[in-house]
Each structure stands twice: as structure tokens, then as C-alpha cells.
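Read off the chains here:
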Amino acid sequence: MPYPKLPDDDRIVVEAARDFARKRLAPHSLEWDATEHFPVDEMREAGSLGMAAIYTKEDVGGSGLRRIDGVRIFEELAKADPVTAAFLSIHNMCTWMVDTYGTTEQRKRWVPKMASMEHIASYCLTEPGAGSDAAALSTSARRDGDEYVLRGSKQFISGGGVSDVYVVMARTGDAGPRGISTFVVEKGTPGLSFGPPEAKMGWHNQPTAQVIFDDVRVSADAMLGGPDGEGTGFSIAMNGLNGGRLNIAACSMGGAQAAYDKALVYATEREAFGKPLIAEPTISATLAEMATSLEASRLLLWRAAEALDADDPDKVELCAMAKRFVTESCFTVADQALQLHGGYGYLHETGIEKIVRDLRVNRILEGTNEIMRMVIGRAEAQRVTAGKGNR
């Protein structure tokens, strides 16, 4: 099914992302996966086109676009390579957090280099003992004069050991979410080290490692928000994740669309029992289900992105809905595409098995889908108790 018709300005943004992805990502995606190559040069090229600071303000080098533009861009990038798209999503989240919550000095200091991807960024929230229960994190940041001393570790960090800056949530106060602050820690700071690269099911062309803080000293102005930023870190992290959830869903959307497109061509061209596969009712019915899932996913994703742009009161719930529904539906579409290819779908050269591996983790990161159900359920319960009635 053709991509929905867009206004000219919106269409130009999508076409620019599509052109870049087809020329600079798609030809290399399988090789990068096989060799575990992290495509820094190509991502910096994406940064030069405005795709490393999509919804960051223009006065510090951002593109000044909307969330709806972002999800469309990430879908196009993910059609070519879901892994590179996902890392750019994480980087964009970090850039937006510094731009939105940083002081004027902090924004000028860090955001321009993040916007160009001269400085690659990683998001550091998850810990070995605090995954879904992020408010229970134990990495500490102790005030010592004009500095903070960070101690602890972060787990499953995309870009760990490679990124130039780390946006870190650490405990500056009592237990619970109100005792957390956010810091920007630069690579090379004494005491900052990294675990070995993790061996993973997918995301092979993106490094993942533990980030370790062994009495890492940073100046007080490394805390986002300046003196007023202490205790705001959990809120900053969660607000960043609203957009992150949409973007990672968009990466699932793009990967699944690419898998579906391959399956549709294969079912049309491949013959069995003297006729094309698509002539078999069970095959055509499966393709119909896949196409419907893609359209439903895109509509919900766009709805949630527009809600975030509009600062809709239901934005958190809608972002959780989109993340849960899209990542699950699109993983199923990719898996069905593999099944329709038969044995060929299991071969690396077709590209389908890579998409399946790469999309699987999207149901876990940026808040597991089980947590998304909790967020949605809590919001629906509050709707009733607040007397809001139907949506």
C-alpha cells in the first residue's frame, strides 16, 4: 500500500530521509551486521542532514521539527537498517534532554556537537539491579564542594565505550524518584570505564556495554538544570522516554514494512504447485493481516506523536500504547514475512532473519511492554476515578 499522502513540507522531510537511507544504509546493512561494524561515519552524515537533533531547537543546531516528523524519519531509516535507526533514536533522545532541561550555558556547551554528532551520546538509566523499576537505581552522585562524585554502574548501554557523552541518571538524594538527578559525563573523565561489548541476539552493528563510575568527579555544572536541577532527574528521564518509545516503535514500523515488502514480492514471484504463492488463500490472507497490522500501527504511532507535539494530557498513555502495540504487531509481521519465505527467510542473505532479530529487543527497551501495560492500565483507572469518562 502506498505511503499516506503528506503536505509538501512533510513529504520533503520523509523523502530526504528515505533517499539517505537507501543510498547510505541499505547497501551495507547485512555487512555491518556480519562484521559488527558501528557506522559512525554514516551516522555523522545523517547528523549533517539534521537527523541527530530532529526535534531540538534551531538556536543550538537542531532541526526544530516535530515528533511526527521524527517518527516518519525513523521509519524510513529503519527500512534500510533498524539498528542504525535505533541508535540515532537514542542519540536524539539525549540531545533533546540536554536541549530541553539544560541551562543556557549547558545547551551551548553540549548540544551543537551532539546535533552534528561530532559528539555521540548514550542514555544511562538501566542498572544491573534496576531495570523496569528505574526509580530504584543506586548509582550515586555525592556532592563534594564544587563537584559531584559518581559511583555505580549502568547496564545494557547502547554506545557504551564508544560514545563521547553519557547522559546519566544518578541518586543525589533519598530513595525514590525525587532523589535522582541527571548529569552529562564526558568520555575520558577519570574513573569512567566500560565493560566488554555484550554478545547479543541482534543489534550486532551497535555496541552495548556496561558503563562503570568509580569515583568519577564532574563539576557541579554537569548536572542538567544547574542548581535547580537536583532531584529532577527521574522526571527528565521519563519525559525523554516518551519520545524514545515513539521512535523505537517507528524503528519496528520501518523494519516490519521492509520485511513485508520483501514477502509480498516473494509471494508474487515464487511458484508452488503450478501457481504463484499469493494465489493460495492462506498466503493471501496472511499478507492481508500483515498489511492491516502495518496500517493500524502507523495510525496509532502518528496519533501518539501528534499528542506529544500538542502536549496532550493523554500523551504518556498514548506513547505507551503506541510502543506496546507497534513493537508487538510489527515483530509479528516480520516473523510472518520470514515464515512466508520458507527456508530462504532463515538465510542471512535475504535480510529477513536480521530484521526479526533486530526488532525483538524493541519490546524490551525504553520500558518493557509489560511496563507499558501497567502505564496504560493505571491511566485508564485514573480516568474513571477522575470522572473523565470515555476518551
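Residues numbered from 1 in each chain as written. Predicted model: local features only at pLDDT ≥ 70, side-chain atom pairs only at ≥ 80, totals over all residues. Heavy atoms only, no water.

The name an unreviewed UniProt entry assigns to the protein is Acyl-CoA dehydrogenase family protein, from the organism Gordonia cholesterolivorans. In its Cofactor (unreviewed entry) section, UniProt records this for the protein: "FAD". Per UniProt, the protein carries the Sequence similarities (unreviewed entry) text "Belongs to the acyl-CoA dehydrogenase family." (UniProt positions renumbered as here; feature names shortened; annotations may be inferred.)

Turning next to the nonpolar core. Core analysis: the largest hydrophobic core is formed by 115 residues, its most contacted members being Leu77, Tyr123, Leu150, Val185, Leu246 and Leu301. With 17 residues, the top contributor of residues to this core is helix H7 (residues 233-269). Not counting chain neighbours up to four residues away, the residues in contact with Leu77 comprise Ala17, Phe20, Ala21, Leu25, Met51, Ala85 and Leu88. (Core = buried A, V, L, I, M, F, W, Y, C linked by side-chain atoms within 4.5 Å. Buried < 20%, exposed > 50% of the residue type's maximum accessible area, 1.4 Å probe, protein only. Helix = DSSP H or I, 4+ residues; strand = E, 2+ residues; numbered from the N terminus. Contact = heavy atoms within 4.5 Å.)

Once that is clear, we can look at the UniProt feature "domain: Acyl-CoA dehydrogenase/oxidase C-terminal" (unreviewed entry) in the protein. Feature annotation in UniProt assigns "domain: Acyl-CoA dehydrogenase/oxidase C-terminal" (unreviewed entry) to the following positions: residues 231-379. Helix makes up 75% of residues 231-379 and strand 3%, with an end-to-end C-alpha separation of 24 Å.

For the structure shown, the criterion picks out 34 salt bridges. Salt-bridge contacts for Asp10 lead to Arg66; the nearest nitrogen and oxygen are separated by 2.9 Å. Of the two residues, Asp10 sits in helix H1 (residues 8-25) while Arg66 sits in the loop between helix H3 (40-48) and helix H4 (67-80), which places them 56 residues apart along the sequence. Here Arg24 ties to Glu45 by a salt bridge, and the two come within 2.8 Å at their closest N and O atoms. Placement of Arg24 in helix H1 and of Glu45 in helix H3 is noted, with a sequence separation of 21 residues between them. Accessibility expressed as a relative area gives 28% for Arg24, which makes it partly exposed. On the basis of relative accessibility, which here comes to 29%, the residue Glu45 falls in the partly exposed class. Residues joined in a network through salt bridges with shared partners are Arg18, Glu75, Glu76, Lys79, Glu295 and Arg298. (Salt bridge = Lys/Arg side-chain N within 4 Å of Asp/Glu carboxyl O.)

The next thing to look at is the pairing of strand E3 (residues 147-158). In the sheet, strand E2 (residues 140-144) pairs with E3 via five bridges, with the strands oriented antiparallel. Its bridge partner being in E3, Ser140 is matched across the sheet by Arg151. Between E2 and E3, which pair antiparallel in sequence order, lie two residues; one of them, Gly145, sits at a positive phi of approximately 65 degrees. One ladder, built from ten bridges, connects E3 with strand E7 (residues 208-219); its direction is antiparallel. (Pairing = 2+ DSSP bridges.)

This part covers H3. Turning to H3, its buried residues are Val40, Glu42, Met43, Ala46 and Gly47. When H3 is viewed along its axis, its buried side chains cluster within an angular range of 165 degrees and face the same direction. Opposite its buried face, H3 presents the exposed residues Asp41 and Ser48, each directed more than 90 degrees away. Those residues of H3 that are buried are in contact with H1, helix H2 (29-35), helix H5 (82-101) and helix H6 (104-115). Of the residues one or two after H3, Gly50 is the one with positive phi, at around 95 degrees. (Arc of directions from axis to C-beta.)

Of note, the phi angle at Glu36 is positive, near 55 degrees, even though the residue is not glycine. Inspection of the secondary structure puts Glu36 in the loop between H2 and H3. The backbone of Glu366 sits at a positive phi, close to 60 degrees, despite the residue not being glycine. Secondary-structure assignment places Glu366 in the loop between helix H10 (352-360) and helix H11 (369-385). With relative accessibility at 11%, the residue Glu366 sits in the buried group.

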